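Here's the letter readout for the chains.
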Amino acid sequence: MKKMNDIKKTVFILYEEREESQLCGIRGAWNDRQAALKSLEKCVLQNVLYTEDSIVDIDNGIAKSDPTYSEGAYSDYTIKEINMAQ
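The paragraphs below set out a description of the structure included in this document.

The rules we used
Residues numbered from 1 in each chain as written. Predicted model: local features only at pLDDT ≥ 70, side-chain atom pairs only at ≥ 80, totals over all residues. Heavy atoms only, no water. Salt bridge = Lys/Arg side-chain N within 4 Å of Asp/Glu carboxyl O. Buried < 20%, exposed > 50% of the residue type's maximum accessible area, 1.4 Å probe, protein only. Helix = DSSP H or I, 4+ residues; strand = E, 2+ residues; numbered from the N terminus. Polar contact = N/O pair within 3.5 Å; in protein donor to acceptor, adjacent residues only side chain to side chain. Contact = heavy atoms within 4.5 Å.

## Considerations on the pattern of salt bridges
One pass over the full model with this rule turns up three salt bridges. Put simply, Glu-16 and Arg-18 hold a salt bridge, and the shortest N to O gap is 3.0 Å. Assessed through its relative accessible area of 5%, Glu-16 is described here as buried. Residues Asp-76 and Lys-64 are paired through a salt bridge, measuring 4.0 Å at the closest nitrogen-oxygen approach.

## As for the side chain of Thr-10
Mapping Thr-10 onto the fold places it in strand 1 (residues 10-18). Within the structure, the side chain of Thr-10 is placed 2.9 Å from the side chain of Asn-83, a separation counted as a polar contact. Residue contacts for Thr-10: discarding those within four places in its chain leaves Trp-30, Asn-31, Glu-81, Ile-82 and Asn-83.

## What to know about the environment of Lys-38
Of note, Lys-38 is situated in helix 1 (residues 33-46). In this structure Lys-38 comes out as exposed when scored by relative accessible area, which is 62%. In this structure, the C-alpha to C-alpha distance between Lys-38 and Gly-61, residues 23 residues apart in sequence, is 9.7 Å.

Everything listed is a geometric property; what it means functionally is a separate question.
Now the structure itself:
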């Protein structure tokens, strides 16, 4: 059985901001940064708003859709690191 001190105290949240607030939201939460980054990459690859002109920095957990795709449609992903206090 794990002790409380052995439990990871950091959570990585993948959040997507969209042009319309009802499409915004948390896309997942992990206790492993690499798993969160992998999921970010998968989201970018599956999102039609992302092209070669998009700004994508998987290592830093940031992705911004192609600004020339559509003025009214965008999708930005961010990974937030949250440290859980005891």
